[in-house]
Structures are given as C-alpha cells and as structure tokens.
Amino acid sequence: MSLASELAVPPPSKIRLAGVSKKFTTNRGTVQALEDINLEIGEGEFVCFVGPSGCGKSTLLRIVAALERNFTGTAEVNGKMITEPGRDRTVMFQEHALFPWLDVLGNVLFGLKLKPDLSKKDRLEVARYYLQLVGLDGFERANIHELSGGMKQRVALARALAPNPRLLLMDEPFAALDAMTREQLYGDLQKIHAARKKTILFVTHNVREAVCLGDRVILFSPRPGRIRKKFRIELPRPREFNDVAMASLAAEITGELKTILAPAQ
Amino acid sequence: MKQFLAALAFFAVLLGAWEFAARHSGASSLLLPSPTAVWRYFFGSPSPDGGTVGGAVWDGTLGGATLVTMKRLFLGYGVGIGIGIPLGMLTARFKFLHNTVGTIALGLQTLPSVCWVPLALLWFGQTETAMLFIVVMGTVWAVILATDHGIRQIPPIYREAASTMGSKGLHLWLKVLAPASLPHIVSGAKQGWAFAWRSLMAAEIYITILSGMGIGHLLHYGRELHAMDQVVGLMFVIIVIGFLADKILFSPWERFLHRRWGLTNS
C-alpha cells in the first residue's frame, strides 16, 4: 500500500440492516433494546439517529461497529455480514477514549501502526495530514490531559479518520462539549465529510444537531427501540447551525419526538 | 531554604539530645549507643600515629556487605516482578486463574515472608536459593494482585476503541492493556519492592550463610557481639538504601505518569 493510495478517498460503505432485534438480559429482567430495525444506508450518506434515551440508537451503532454481539436479524456492511470490529469502520465515542499513555501524535498513529505495509515515514505523514484536517497541527507532542474537551474530541476524530475507514461511526461525540466548540465542529465535520466522502452514522439526542449534519434523520422511539420515522433533509450544504430553514425542520421533528414522549409523562 | 534550615536545625538538636542522653543518663552504651559511637563504627577512631583505626567504611566490610545484599535484592525482586506481572495479567484474563491463583495470592500476601524461613531452610539448606525463595515469596503476591487489579480497572472503552482500529490478541495486550494498567503496575512494583527489602533483611538475619555476608548478617553479628553501635549504624544503612532505591527506581516512573497522564501519585 503506498502513501498515495492511503490518502486516496476509498469508496464509502453501504449498510443494510434487516429485521435487527436485540435483547439485553439484566438481573432485573429482559429489555428489548431494538425491535425489527430495517434500514438501508447508501454510499457516502450522512445519517443521524435521534431519539430519547433508551431508544436503542447507540446500541444499533454498536452493532454496526461489532462492539455488540448476540443480536438477531441481518446486519451487513458492503454486502458482508458484520462479524468483528475492523478499521474499515472506526468509532468515535462520547468520551474521547484517547489513550493517556500516548501523546496526540501517538494516538493518531495507533491505528496506522496496525497497517504493516505503510513505512514509518508514510504513517507520520498520514497522521500529520489528519491532525491538520481537524485543525490541530502544532499539537503533535501535547499530552492528552493538557488539551481542552473540544481539542480532545478533535484528536479522537483524527484518530478515527487516520486508518482511512469507509464508514465512520459517531456515538454522541459532541454531547459533552460547550455550544461554541460544538458549532465549530459542525462546520469542520461537514467539510471533512465533503473532502473524505465517508459514510457517517451519527447518534445524537439533539435534533438541531441532527438536522444540521444529516442527509437523513432517523427518529427512534423507546421500549422497545423501533424506527418511528425517517426524514430526508434537503437543505444545501454547508449548513449553518442557526439557519432559519433548518430551525423549522428541527421544530417539526421535535414535535414528532414530543408525541413519542407524551404517553410516558 | 528557610524551611530546609529549620528542618536541619531540628535534626541537629535531635542528634545533640541523643548524644547528651547517651553520655549523661548513665545508661549502658549497650542500651543506648551514642551517635559518636555509631560514627566510629563507620569511620573508625583516630590512632596515635595520626591515621585511623577500624571503620566499617574503610575496611570494606560495609561496601562488601552492601554489594552482596543488593545483588540478592535485585535478583529476588527481578524474579518476583518477572513472575508477578505476567501472572497478574493471566489472572485478570482468565476467570479460573483469578479464582484459584488469585485467591492464593490474596492469602499468601498476608503471610509475612519471614514465616517461610523454616521451610526454606529445610528445602534448600543454608543457601542462596533459600534466601532467593524468601524474597520472591515476599514480592510476588503483591505484584500479582496489583497487576490483576490494574487490568480490571481499565475502562472498557479503551479496549473497544482499540478493537475498532483493528487491535486484537497480543497487540491489544501489549499496546493497550499493559500501558493502560501502568499506574497500578508501578504502584504494585513499588509495594513489591518494599516487601522484597523487608523480606531480605528478615532472611539475612535468620539464615546464616557462608556464600556472602550481607547487611542483615552484619546486623545479626552485631547483636551476637553486643556491638550495638554496629546494630544502630546498620539500621541507618538499611533506611538509606530503602530511601534511595525508592527515589532512583520509582521516581522516574512517577514523573512520567505525572507528565503524560496528569496523575499525581502520592
């Protein structure tokens, strides 16, 4: 594998989920986390999962990442059954999950070191490219505990992008950040999506965030976790978080979300 | 600087009081050897021709004994760490080993290793092997427990994040789980060191051996010969070695953990 092919844009993944159900057994009984999920996601699509907590949206993302096993139904990425985690599908978590024993560069290099065909020099070049892409050049040698929350998530994004996955799975990655930092990251993430053409699954409980980022927004309802409704967001990109057209779309989806929550209250 | 001087003055007064008590309390020099007597044990006393007579530092007794003791300590500690860390990783990985070896470790860790002396003497005789055995028994259990605990404390998200980047099997163990448990392993190794040092002193005091006279043996003979200046002097040596080892061996690790992880170790 040469450096050129490593930095090239690989074909994005497509995902097919058919009849996916998942039960969790705890000592207080069985919880139906997901029930009969049917969803097709096209190549390069940016899809946001929205729903109240406990609706199984994160569980579905973890099934695609193969971090969750023992489900029923079919889950395929690019026509292949999902069996184990792999660097074609990297994950970004709500907690940054960066390794504190490595510095910023070391964290971004972690996944690259698992690609034996790359030379050391190439790995460094790739890592620097992604650090620059997330706006962190100059912070290569910083320790993780020295970074702000937003910078940590940027490193986590660079680390997830570095192995050049075809699918990026993001589990509420910005939920713990302040509003200013979040809005910056919305812009950056849209730019990266445009530049790197990845399929992105993005889990959030923030409707505005989902509308701002997604080509589609999938609304989940809880207990059992089901797909309630699918929305296609046809707004032009790049989208601005405070855009008026977006706000009215978000209000519509939030209205739907409230009807889900109403019986419970 | 001011604080340092104050502390220095405190110790000077303490030493002076000790010297005064030894000289004027009427207590036998056997019960309370004076600081100057201890000094004479180390550095000898002036002889009529202007030189010095005796002195454990000059005649090589102390240097030789320290060398013998340190050799035993490093060997025993090395074996203890070499067995303890991998075994701790295995008990963390396999439930069965955790329930069996882990339970043994928990039990034997509470047993002061000097209790092994009678058996060690029967099994190995008055040999270096008996000495080594006691030091290893003193070290290994604490290291196993700390490593096992360290690995269990690792947030599952590290493992998950690594696995999504393609890390598994041996790579996951060496590149993620081992470094992630480093803070616990370092504190376990430190604890193991303290146990090894105590065990070795007990072993040297209790096991008479011909293959090398260590600090513990010198202390033992000091008692036999009623040379309490020697006993007290060696107690100081034992303190200083323990203190220096802690600084030299573990401070670099703790500084690394502090700088890289932002941890403050006590």
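This section reports on the structure supplied with the text. (Residues numbered from 1 in each chain as written. Chains lettered and ligands numbered in written order. Predicted model: local features only at pLDDT ≥ 70, side-chain atom pairs only at ≥ 80, totals over all residues. Heavy atoms only, no water.)

1. So, a nonpolar patch on the surface
1) Next: Taken together, the side chains of B:Met1, B:Phe4, B:Leu5 and B:Leu8 define a hydrophobic patch exposed on the protein surface, amounting to about 480 Å² of accessible area.
2) Next: Following the sequence through the fold, B:Met1 ends up in the segment before helix H1 (2-24). (Patch = residues over 30% accessible without salt bridge, like charges linked within 9 Å, V, L, I, M, F, W, Y side chains within 5 Å. Areas by Shrake-Rupley, 256 points an atom, 1.4 Å probe, with all protein chains shown as cover. Salt bridge = Lys/Arg side-chain N within 4 Å of Asp/Glu carboxyl O. Helix = DSSP H or I, 4+ residues; strand = E, 2+ residues; numbered from the N terminus.)

2. Considerations on the interface of chain B and chain A
1) Next: Across the boundary between the two partners, chain B contributes 22 residues, which contact 24 residues of chain A.
2) Next: Taken as a group, B:Thr164, B:Met165 and B:Arg260 account for 36% of the area that chain B buries against chain A, more than any other trio of residues on that side.
3) Next: Salt-bridge contacts for B:Glu160 lead to A:Arg62; the nearest nitrogen and oxygen are separated by 2.7 Å.
4) Next: Summed over the shared surface of chain B and chain A, the result is eight residue pairs in polar contact (both at pLDDT 80 or more).
5) Next: Listed by contribution, the elements that provide at least two residues to the side of chain B that touches chain A are helix H7 (156-164), helix H8 (169-180) and helix H11 (228-261) of chain B.
6) Next: Residue contributions to the side of chain B that touches chain A peak at seven residues, all from H7(B).
7) Next: Within the side of chain B that touches chain A, the residues separate by chemical class into 10 nonpolar, seven polar and five charged. (Contact = heavy atoms within 4.5 Å. Buried area = accessible area lost by both parts, 1.4 Å probe. Polar contact = N/O pair within 3.5 Å; in protein donor to acceptor, adjacent residues only side chain to side chain. Nonpolar A, V, L, I, M, F, W, Y, C, P; charged D, E, K, R; others polar.)

3. Observations regarding the packing of aromatic side chains
All names here are of chain A.
1) Next: Applying the stated criterion across every chain, the model contains 24 aromatic pairs over all chains.
2) Next: Pairing Phe 46 with Phe 202 gives two aromatic rings, centres 6.1 Å apart and planes at 45°, and the pair type is tilted. Within this pair, whereas Phe 46 is found in strand E3 (residues 46-50), its partner Phe 202 is found in strand E8 (residues 199-204), the two being separated by 156 residues in sequence.
3) Next: The buried category is assigned to Phe 46, whose relative accessible area is 0%.
4) Next: Residue class for Phe 202 comes out buried when judged on its relative accessible area of 0%.
5) Next: Put simply, the rings of Phe 46, Phe 174, Tyr 186, Phe 202 and Phe 241 touch in pairs and so form one group of aromatic residues.
6) Next: If you follow Arg 208 out to its NZ or CZ, it ends over the ring of Phe 241, 4.8 Å from the centre. (Phe/Tyr/Trp six-rings, centres within 6.5 Å; stacked < 30°, edge-to-face > 60°. Buried < 20%, exposed > 50% of the residue type's maximum accessible area, 1.4 Å probe, protein only. Lys NZ or Arg CZ within 6 Å of the ring centre and 35° of its normal.)

4. Considerations on the sheet that holds E3(A)
All names here are of chain A.
1) Next: Taking strand neighbours across the sheet as the criterion, the six strands line up as E6-E7-E8-E3-E9-E10 in an open arrangement whose pairing is mixed. Looking at strand neighbours, the two that pair on one side only are strand E6 (89-92) and strand E10 (226-232), the edges of this open sheet. Averaged over all pairs of adjacent strands, the angle between their axes in this sheet comes to 20°, without regard to strand direction.
2) Next: Pairing between strand E9 (residues 216-221) and E10: six bridges, direction antiparallel. (Pairing = 2+ DSSP bridges. Axes fitted to C-alpha atoms, helices over the stretch in contact; angles between N-to-C directions.)

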